[in-house]
Amino acid sequence: MKKTCLAILLVALCLILASCATKAKDSAIHVTTFDEFTAAFAAAQADPEKDTILLENDITWDLTKFNAEINFMPNATGLVIDLGGHTISEVPKNAFNLTGDSFILQNGTILGDAQNSRYSVNVNYEGTNGLKDQALAHVPAAYDDADPVWAKRVIVRNIKATGMLCGYSTMEVVDCEFTGGQYRGLVFQGSSGIVQNVKAITLEEGASAGFVAHSYGTVLVKGECEFKGKFGVYSAQCSTLSFDEAANVKIGAWVTYGIYLEKQGFTTIGKGVTVQPAEGRQTFYMRTGSTLVIEKGAVVLDGTGAEVAAPITADNIDYKDGAGASDDAWKGAGVNAVWTDNR
């Protein structure tokens with residue numbers, strides 16, 4: 001009898017200890033309201049045992065507290081912001097700006113309000129173009145965690161948003177959709193990294209590109225992607241944009257060009273990339289020291305969807321004279337735009 005009682009007590013003790021251990025392992029701050037969500041960032045930074053903010057309810061942005069003039073700019077360094085499949089809605093223009101590095105934003109939807117003519121979520125947004133030193137500090141030597149720059153990247157995955165701007169950061173954006181924006185879909189402004197399995201499509205009346213590489217960023221596009229806006233892709237201000245050979249990328253335009261290049265932007269398209277402008281427009285726009293390289297396997301279409309034979313001619317490029325003047329030390333400085341068709 002004593003042995004039986006002892007066994008029961010041991011089992012009960014094990015269950016209690018297991019329960020306590022389970023509770024101790026919960027490193028999340030669970031939030032259900034807008035106020036709880038905004039307060040959680042400071043609370044997590046103050047508590048070393050908390051590394052996750054977990055949204056457990058749909059929430060509506062409170063524009064009386066944070067808006068286009070008063071932005072919410074929490075330090076997210078080291079945190080996981082998990083939306084738990086829920087939606088943050090009615091976000092005013094640029095009101096939501098996550099700052100820092102080494103954090104993850106995942107699993108949910110972030111929507112702008114009807115007046116939001118820019119982005120529903122930002123990362124390290126500064127509103128300034130062409131910060132060369134700041135941008136180059138975020139270019140990884142390799143896409144490997146052994147590389148100290150890449151190891152501190154910001155990861156955005158499984159997110160749907162009206163639009164997102166990533167400013168002067170190292171980024172990995174995977175399995176995301178940026179659709180319905182009035183301006184642009186996804187922007188890398190001074191940011192470098194990987195864009196993989198991403199759809200970035202503005203409204204038909206959107207004022208700019210589906211995807212933007214800008215201000216000294218180096219971006220590699222991978223996987224299944226689709227970019228579409230007034231013009232499909234915008235590469236400018238000494239950016240370097242390329243596409244993985246195994247990628248399958250569709251670039252289109254509602255109104256003008258497939259790819260718009262200027263200010264010493266450097267873009268290489270190759271196998272798996274299809275570019276098509278709007279009907280009646282040229283496939284590419286080029287000026288001010290920009291560079292376009294078309295490798296074998298790239299599919300270049302005109303506005304009707306007919307393939308443009310190699311080598312591409314000026315008939316399919318809206319070409320403007322004017323030398324690159326953004327950076328005297330960067331490729332394209334002092335010369336006109338140039339293209340090479342290696343198909």
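Note that the structure is a prediction, hence the values are computed from the model and not measured.

Trainee: Residue-level account of the overall build of the chain, with values.
Mentor: What the chain contains, in helices and strands, is 4 helices and 26 strands. Summarising its shape, the C-alpha atoms of the chain cover approximately 95 × 45 × 40 Å along the three principal directions. Out of the 343 residues in the chain, the part that is buried amounts to 49%. Pairs at least 24 residues apart make up 64% of the contacts formed inside the chain by residues separated by at least 6 positions. About 15,000 Å² of surface is accessible on the chain, with carbon and sulfur atoms providing 52% of the total. Side chains of the chain carry 27 positive and 39 negative charges; the gap between the two charge centres is 3 Å.

Trainee: So what's going on with the environment of Pro-277? Residues and values would help.
Mentor: By secondary structure assignment, the location of Pro-277 is in the loop between β21 (273-275) and β22 (284-286). We classify Pro-277 as buried; its relative accessible area is 4%. A C-alpha to C-alpha distance of 15 Å links Pro-277 and Tyr-319, two positions 42 residues apart in sequence. Residue contacts for Pro-277: discarding those within four places in its chain leaves Ala-253, Thr-256, Tyr-257, Gly-258, Gln-282, Thr-283, Leu-301, Asp-302 and Gly-303.

Trainee: Just give me the short version of the pairing of strand β23 (residues 291-294), but keep the residues and values in it.
Mentor: Burial along β23 is two-sided: the residues Thr-291 and Val-293 and Leu-292 and Ile-294 are all buried. The sheet contact formed by strand β20 (residues 266-269) and β23 spans 4 bridges and is parallel. Bridged to Ile-269 within β23 is Ile-294. Relative to strand β26 (residues 338-341), β23 runs parallel, the two being bridged by 4 bridges. Bridging from a neighbouring strand, Ile-294 pairs with Asp-341 of β26.

Trainee: I'd love a proper account of the sheet that holds strand β11 (residues 186-189), names of residues and values included.
Mentor: Here we have 9 strands laid out as an open sheet, ordered β5-β7-β9-β11-β13-β16-β19-β22-β25, and parallel in their pairing. Single-partner strands in this sheet number two, and they are β5 (97-98) and β25 (317-319). With 4 bridges connecting them, β11 and strand β13 (residues 209-214) associate as parallel partners. Residue pairing for β13: Gln-189 is matched across the bridge by His-214.

Trainee: Outline the confidence of the model for the chain, supporting the account with residue identities and numerical values.
Mentor: On average, residues of the chain score 94 in pLDDT, and 93% of them reach the 70 mark or higher. Low confidence marks residues 1-18, where pLDDT is under 50. Its contacts with residues over four positions away, or in another chain, come to 0 contacts.

Trainee: Outline the packing of aromatic side chains, listing residues and values.
Mentor: Enumeration according to the criterion identifies 21 aromatic pairs in this entry. Ring centres of Phe-34 and Trp-61 lie 4.9 Å apart, and the angle between their planes is 65°; this geometry places the pair in the edge-to-face category. With a gap of 27 residues between them, Phe-34 in helix α2 (residues 34-46) and Trp-61 in the loop between β3 (59-60) and β4 (80-91) connect regions that are remote in the sequence. The class for Phe-34 is buried, based on a relative accessible area of 7%.

Trainee: Could you give me a rundown of α2, with the residues and numbers involved?
Mentor: Here α2 contains 13 residues, and its C-alpha end-to-end distance of 19 Å stays within 8% of the 18 Å for a straight helix at 1.5 Å per residue. Helix geometry: α2 is bent most strongly at Ala-40, by close to 35°. For α2, the complete set of buried residues consists of Phe-34, Phe-37, Thr-38, Ala-40, Phe-41 and Ala-44. Check the buried side of α2 and you find it contacts β1 (28-31), β2 (52-55), β3, β4 and β5.

Trainee: Outline the pairing of strand β12 (residues 192-202), supporting the account with residue identities and numerical values.
Mentor: Most of β12 is tucked away, with 8 of its 11 residues classed as buried. Pairing of β12 with strand β14 (residues 218-222) involves 4 bridges; the strand directions are parallel. Residue pairing in the sheet places Gln-196 in a bridge with Lys-222 of β14.

Trainee: Would you mind going over unusual backbone geometry in detail, with residue names and values included?
Mentor: Residue Pro-311 is reached from Ala-310 by a cis peptide bond, and omega for that bond is -5°. Following the sequence through the fold, Pro-311 ends up in the loop between β24 (299-300) and β25. One non-glycine residue, Lys-263, lies in positive phi territory at about 50°. Here Lys-263 shows up in the loop between β19 (259-261) and β20.

Trainee: Talk me through the nonpolar core; I want residue IDs and the actual numbers.
Mentor: The biggest cluster of nonpolar side chains holds 69 residues, and the ones touching the most others in it are Phe-37, Phe-96, Val-173, Leu-186, Phe-211, Phe-227 and Phe-284. Top contributing element to this core by residue count: α2, with 5 residues. In this structure Leu-186 touches Met-164, Cys-166, Val-173, Phe-178, Val-195, Val-198, Ala-200, Gly-210, Phe-211 and Val-212, once residues within four positions along its chain are discounted. Formed by 12 residues, the second largest nonpolar core is a distinct cluster that contains Val-187, Val-212, Phe-231 and Tyr-234.

Trainee: Any chance you could break down the pattern of salt bridges for me, citing the residues and the numbers?
Mentor: Charged atoms that come close allow side chains of opposite charge to pair. Scanning the model with the defined rule gives 9 salt bridges in all. The shortest N-O distance in the salt bridge between Lys-320 and Asp-318 comes to 3.4 Å. For Asp-318, a relative accessible area of 13% corresponds to the buried category. What emerges from the salt-bridge pattern is a single network uniting Asp-35, Asp-62 and Lys-65.

Parameters at a glance
- Here the residue numbering is sequential within each chain, running from 1 through the sequence in written order.
- Local features in this predicted model are restricted to residues whose pLDDT is 70 or higher, and side-chain atom pairs enter the listing and the counts only when it is 80 or higher, whereas totals over whole chains, interfaces and linings include all residues.
- Note that the side-chain values use all heavy atoms of the structure and ignore hydrogens as well as water.
- Strands are runs of DSSP state E lasting at least 2 residues, helices are runs of H or I lasting at least 4, and numbering of each runs from the N terminus.
- Classification of residues uses two cut-offs on accessible area relative to the type maximum, computed with a 1.4 Å probe and protein chains only: under 20% is buried, over 50% is exposed, and between them is partly exposed.
- Contacts are residue-level and defined by heavy atoms, with any inter-residue pair within 4.5 Å sufficient.
- Computed by Shrake-Rupley with a 1.4 Å probe, the accessible areas treat only the displayed protein chains as cover when residues are assessed.
- Charged-residue counts in this description rest on Lys and Arg as positive and Asp and Glu as negative, His and the chain ends being excluded.
- Note that the charge is assigned to NZ on lysines, CZ on arginines, CG on aspartates and CD on glutamates.
- At least two DSSP bridges between two strands are required for those strands to pair.
- For every residue, the predictor states its confidence as a pLDDT score lying anywhere from 0 to 100.
- Geometry of aromatic contacts follows a simple scheme: Phe, Tyr and Trp rings, the Trp one being its six-membered ring, pair when their centres are within 6.5 Å, and the pair is stacked under 30 degrees between planes, edge-to-face over 60, tilted otherwise.
- In a helix, the anticipated span is given by 1.5 Å times the number of residues less one.
- What the bend at a residue measures is the angle between two axes, fitted to the seven residues ending there and to the seven starting there.
- For this analysis, a nonpolar core means a set of buried residues of the types Ala, Val, Leu, Ile, Met, Phe, Trp, Tyr and Cys, connected via side-chain atoms within 4.5 Å.
- A pair is scored as a salt bridge if a Lys or Arg side-chain nitrogen falls within 4 Å of a carboxyl oxygen belonging to Asp or Glu.

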